[in-house]
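What follows is the residue order along each chain.
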Amino acid sequence: MTRSGDTLSQGMSALVTGGSRGLGLLIAGQLAGRGCEVTILARDSAEIGPGDGLDTPPHRLYGPRGGVRRTGRGGGDGGVDEAAAADGGLDVVVANAGVIQVAPAETAGSRAFHDAMATIFDGTLYTCLAALPHLRRSPHGGRLGLIGSVGALVSPPHLVPYSCAKAAVRALGEGLQAETAGSAVSVTTVHPGLMRTGSHLQAEFGGQAEEEYAWFSTLSGTPVLSMDAERAAEKVVQAVERRRTRAVLTPAARLASVAHGVAPTATTRATGLAARTLPRPPADDHPHPVRQGHALGSPRNSLAPGPQQGRPSPERPSRPPLQPANTGPAYQRVRGLRQVREYRRSTCRRYLTPGSSSRAVPRTSP
């Protein structure tokens, strides 16, 4: 097989893991907007609620055996193989599944490190190993995209488990790129900085959870430091499409990467100074349960959306869902999560949890 040009063509088969929300969902929308037949792998059915509007005919959902997060070979591989069988192969695969834990390392404990590695690294590893044989058979030359993080380039305080797992993803991407050099397959590792994806609502906070939520949600929602999620998804797809080896998103992330490469000692000392401004580990010996961002209130000084933003209040009925535009394959740039959800009704298939049929859903025309 030979590589195609630097553009994605109509009818290519694409797979996105961790695509039920946030960056993964927007990446799926960008791929669909370029004419790809997109399949989304989600961790479990709880990640897709009735509000998505995808659980009613003719947009019923079907799922594989298991998900990306697991302890052995099986579920994730089955999802990749099933997607390839349904589409007659795979041309583009983006491994995006992840989890964020925010707490001092000693408070997070070893379990947080194991969970981060199981979800972020193991999920990416199994997806890559399952996808590579299909990508080698792609008539267009397969494209494999791995979502890393600026945390893989510079380890920030209170995000050590996340950074360790993302650093492993970085090493995996660079190693696979070296091993596939000269073949028709390209491997792209993208390292985003802070993005306004609402990740603070899905992140897990330990120690002084409210204080951890306050600083993390504020930074992730600050326009100067963070990147618009849709813009980030567009940049990710462009990097994979153009077969770039590595891409670092946001000026702040690029600056941190260069600074660490030129002066690693000074950069580490700078992050140490930043750590002094963050919440300290709890002084008592009582257990402090990990809490998800959804369960924490939005701090008054936070610029990020609170956990209830975008949801209907009990006193006011929600607005009717947006109707998908009748634009077919030439669908313009997808804007916002609500429009992506509407658009993926006719462009994306879902694979969910055990108990659902594994039949593929035929793509319907808008």
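Residues numbered from 1 in each chain as written. Predicted model: local features only at pLDDT ≥ 70, side-chain atom pairs only at ≥ 80, totals over all residues. Heavy atoms only, no water.

J.: I'd like to hear about the sheet that holds strand 4 (residues 101-102), residue by residue, with values.
T.: Read across the open sheet, the 3 strands follow the order 4-8-11; overall the sheet is mixed. One side of each edge strand has no neighbouring strand; the edge strands of this open sheet are strand 4 and strand 11 (291-292). Pairing of strand 4 with strand 8 (residues 204-205), which is carried by 2 bridges, proceeds in the parallel orientation. Note that in strand 8 the partner of Gln101 across the bridge is Glu204. (Pairing = 2+ DSSP bridges. Helix = DSSP H or I, 4+ residues; strand = E, 2+ residues; numbered from the N terminus.)

J.: Quick one: what's the story with the pairing of strand 1 (residues 13-17), residue by residue and with numbers?
T.: Counting buried positions along strand 1 gives 5 out of 5 residues, so the element sits mostly inside the fold. What you see with strand 1 is no split at all: Ser13, Leu15 and Thr17 on one side and Ala14 and Val16 on the other are buried throughout. Sheet topology places strand 1 next to strand 2 (residues 37-41); 5 bridges connect them, and they run parallel. Across the sheet, the residue bridging to Ala14 is Val38, located in strand 2. Running through helix 1 (residues 22-33), the crossover from strand 1 to the neighbouring parallel element strand 2 is right-handed. In this structure, strand 1 lies alongside strand 3 (residues 92-95), joined through 3 bridges in parallel fashion. Bridged to Ala14 within strand 3 is Val92. (Buried < 20%, exposed > 50% of the residue type's maximum accessible area, 1.4 Å probe, protein only. Right-handed = clockwise from strand over helix to strand, strands pointing away.)

J.: Summarise the packing of helix 1 against helix 7 (residues 229-241); cite the residues concerned and give the values.
T.: As a packed pair, helix 1 and helix 7 sit with axes 8 Å apart at the nearest point and diverge in direction by 60 degrees. Taken together, helix 1 and helix 7 sit at an angle that is classed as oblique. Crossing of helix 1 against helix 7: the hand is right-handed. Contacts from Leu23, Leu26, Ile27, Gln30 and Leu31 of helix 1 reach helix 7 at Ala229, Glu230, Ala232, Ala233, Glu234, Val236 and Val237. In terms of residue class, the contact of helix 1 with helix 7 is made up of 9 nonpolar, 1 polar and 2 charged. (Axes fitted to C-alpha atoms, helices over the stretch in contact; angles between N-to-C directions. Parallel < 35°, antiparallel > 145°, perpendicular 65-115°, else oblique. Left-handed = near helix turned anticlockwise from the far one by under 90°. Contact = heavy atoms within 4.5 Å. Nonpolar A, V, L, I, M, F, W, Y, C, P; charged D, E, K, R; others polar.)

J.: Explain the confidence of the model for the protein to me, and be specific about the residues and the numbers.
T.: Looking at the protein, the pLDDT average stands at 75 and 69% of residues meet or exceed 70. Below a pLDDT of 50 lies the segment residues 299-303, which in the model reaches 10 contacts outside its immediate sequence neighbourhood of four places, other chains included. Contacts for the low-pLDDT stretch residues 343-366, under 50 throughout, to residues beyond four places or in other chains number 86 contacts. (pLDDT = per-residue confidence, 0-100.)

J.: Kindly report on helix 6 (residues 209-220), identifying the contributing residues and their values.
T.: For helix 6, built from 12 residues, the straight-helix expectation of 16 Å at 1.5 Å per residue is met to within 8% by its first-to-last C-alpha distance of 16 Å. Across the 12 residues that make up helix 6, a large majority, 9, are buried. The complete set of buried residues in helix 6 reads Ala209, Glu212, Tyr213, Ala214, Trp215, Phe216, Ser217, Thr218 and Ser220. (Expected span 1.5 Å × (residues − 1).)

J.: Explain the nonpolar core residue by residue, including any values.
T.: Counting residues in each nonpolar core, the largest one holds 40 residues, and the members touching the most others are Val102, Leu144, Phe205 and Phe216. When contributions to this core are tallied by element, the ones reaching two or more residues are helix 2 (75-87), helix 3 (105-136), strand 5 (143-147), helix 4 (160-179) and helix 6. At 10 residues, the largest contribution of residues to this core is made by helix 3. Once residues lying within four places of it in the same chain are set aside, the contact partners of Phe216 are Ile100, Val102, Leu159, Ser199, His200, Ala203 and Phe205. (Core = buried A, V, L, I, M, F, W, Y, C linked by side-chain atoms within 4.5 Å.)

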